[in-house]
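Given next are the chains, with one letter for each unit.
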Amino acid sequence: MKKCLVVLISLSLPLFLKAQEVEKQKEVGIFFSNLDNFGLTFRTGTNKSLWRFSTFSMSGLQSNQDSDEADNKRNNFWIGIGVGKEFRKDIVEKLELRFGADLTFSYSYLKADQENKTDTDSYDHYEQKTYYPGINLVFGLNYKLSDHFIIGAEFLPYFRYEIGEYVSSRSWVNNGDEVKTDTSGFSYGLSNSSVRLSLAYRF
């Protein structure tokens, strides 16, 4: 009986030690891309594999320019989110390799109106809604500043599809009737905005 117990412990020990190497962890942080685009990120999982949840920068603008000749109004809005998975591997002490992929989705809205005060029958209206589903590949590095703070850099080659429509009505075109146009297409590659720097708190 004792021999069976010793053999069982001996066989279980490597599995126990291997399990000890995998630690649960969470990270919350901010990231920047191209110095004018920022967002929030949350990651949860283990030190070897984490789920990624990101909110890209949400931006909006509403303006009204009023003059003696015309009244111009403009409103736009943009937001993006991403959900994905990343895997990590230690390279040397304090340096980690990161790789994985994200599913992404962005939405943009633009509305512009212009009214001519000197000619009340002259106006220009434009409205556009665009949706961008896509996927990012993730290749990057983490540097551990301490047990809790890490800085990271990642490259995000992307493939993105675009679906949208815009509606315009101009008093001097088609007697001011609305004209609807559907748009679609795709883009892919690696640009300045595809390089992301991050600072995260690990707990």
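Note that this is a predicted model, so its numbers are computed, not measured.

A. Local environment of the overall build of the protein. Regarding its fold elements, the protein presents 1 helix and 10 strands. Element order for the protein, N to C, with α for helix and β for strand: α-β-β-β-β-β-β-β-β-β-β. Here the protein, with 203 residues, has 29% of them falling under the buried criterion. Sequence separation of 24 or more characterises 60% of the internal contacts of the protein that already satisfy a separation of 6 or more. Looking at the protein as shown, the accessible area adds up to about 13600 Å², and 60% of this sits on carbon and sulfur atoms.

B. Up close: the layout of surface pockets. In this structure, the second largest pocket encloses a volume near 230 Å³. Along the lines of polarity and charge, the residues of the lining of the second largest pocket split into no nonpolar, 3 polar and 8 charged.

C. Geometry of the packing of aromatic side chains. Inspection of every chain in the model, using the stated rule, returns 8 aromatic pairs. Among the aromatic residues, those joined into a cluster by ring pairs are Phe105, Tyr107 and Tyr131.

D. The arrangement of unusual backbone geometry in detail. Positioned with a positive phi, Lys94 is a non-glycine residue whose angle comes to about 75°. Along the chain, Lys94 turns up in the loop between strand S4 (70-92) and strand S5 (95-116). With a relative accessible area of 37%, Lys94 lands in the partly exposed category.

E. View of the pattern of salt bridges. A complete count under the given rule lists 14 salt bridges for this structure. Residue Arg43 pairs with Glu27 through a salt bridge whose shortest N-O separation is 2.9 Å. Placement of Arg43 in strand S2 (residues 37-46) and of Glu27 in strand S1 (residues 24-33) is noted, with a sequence separation of 16 residues between them. A relative accessible area of 3% places Arg43 in the buried class. The exposure class of Glu27 is buried, given its relative accessible area of 1%. Put simply, Glu27 and Arg202 hold a salt bridge, and the shortest N to O gap is 3.0 Å. One end of the pair, Glu27, is in strand S1; the other, Arg202, is in strand S10 (residues 195-202), and 175 residues separate them in sequence. Take Glu27 and Arg202: they sit in the same class, and that class is buried. Salt bridges sharing partners connect three or more residues here, namely Glu27, Arg43, Arg52, Glu86, Arg88, Glu96, Arg98, Asp102, Lys144, Glu154, Arg196 and Arg202.

F. A look at the environment of Tyr143. As for its placement among the helices and strands, Tyr143 is situated in strand S6 (residues 123-144). Sequence spacing of Tyr143 and Glu96 is 47 residues, and the spatial spacing of their C-alpha atoms is 6.6 Å. Not counting the four nearest positions on each side in its chain, Tyr143 is found in contact with Lys94, Leu95, Phe149, Ile150 and Ile151.

Criteria and cut-off values
Residues numbered from 1 in each chain as written. Predicted model: local features only at pLDDT ≥ 70, side-chain atom pairs only at ≥ 80, totals over all residues. Heavy atoms only, no water. Helix = DSSP H or I, 4+ residues; strand = E, 2+ residues; numbered from the N terminus. Buried < 20%, exposed > 50% of the residue type's maximum accessible area, 1.4 Å probe, protein only. Contact = heavy atoms within 4.5 Å. Areas by Shrake-Rupley, 256 points an atom, 1.4 Å probe, with all protein chains shown as cover. 1 Å grid on protein atoms, 1.4 Å probe; cavity = no way out; pocket = protein on both sides within 12 Å on 5 of 7 lines; lining within 4 Å. Points joined across faces, edges and corners; volume = space filled by probe spheres on them. Nonpolar A, V, L, I, M, F, W, Y, C, P; charged D, E, K, R; others polar. Phe/Tyr/Trp six-rings, centres within 6.5 Å; stacked < 30°, edge-to-face > 60°. Salt bridge = Lys/Arg side-chain N within 4 Å of Asp/Glu carboxyl O.

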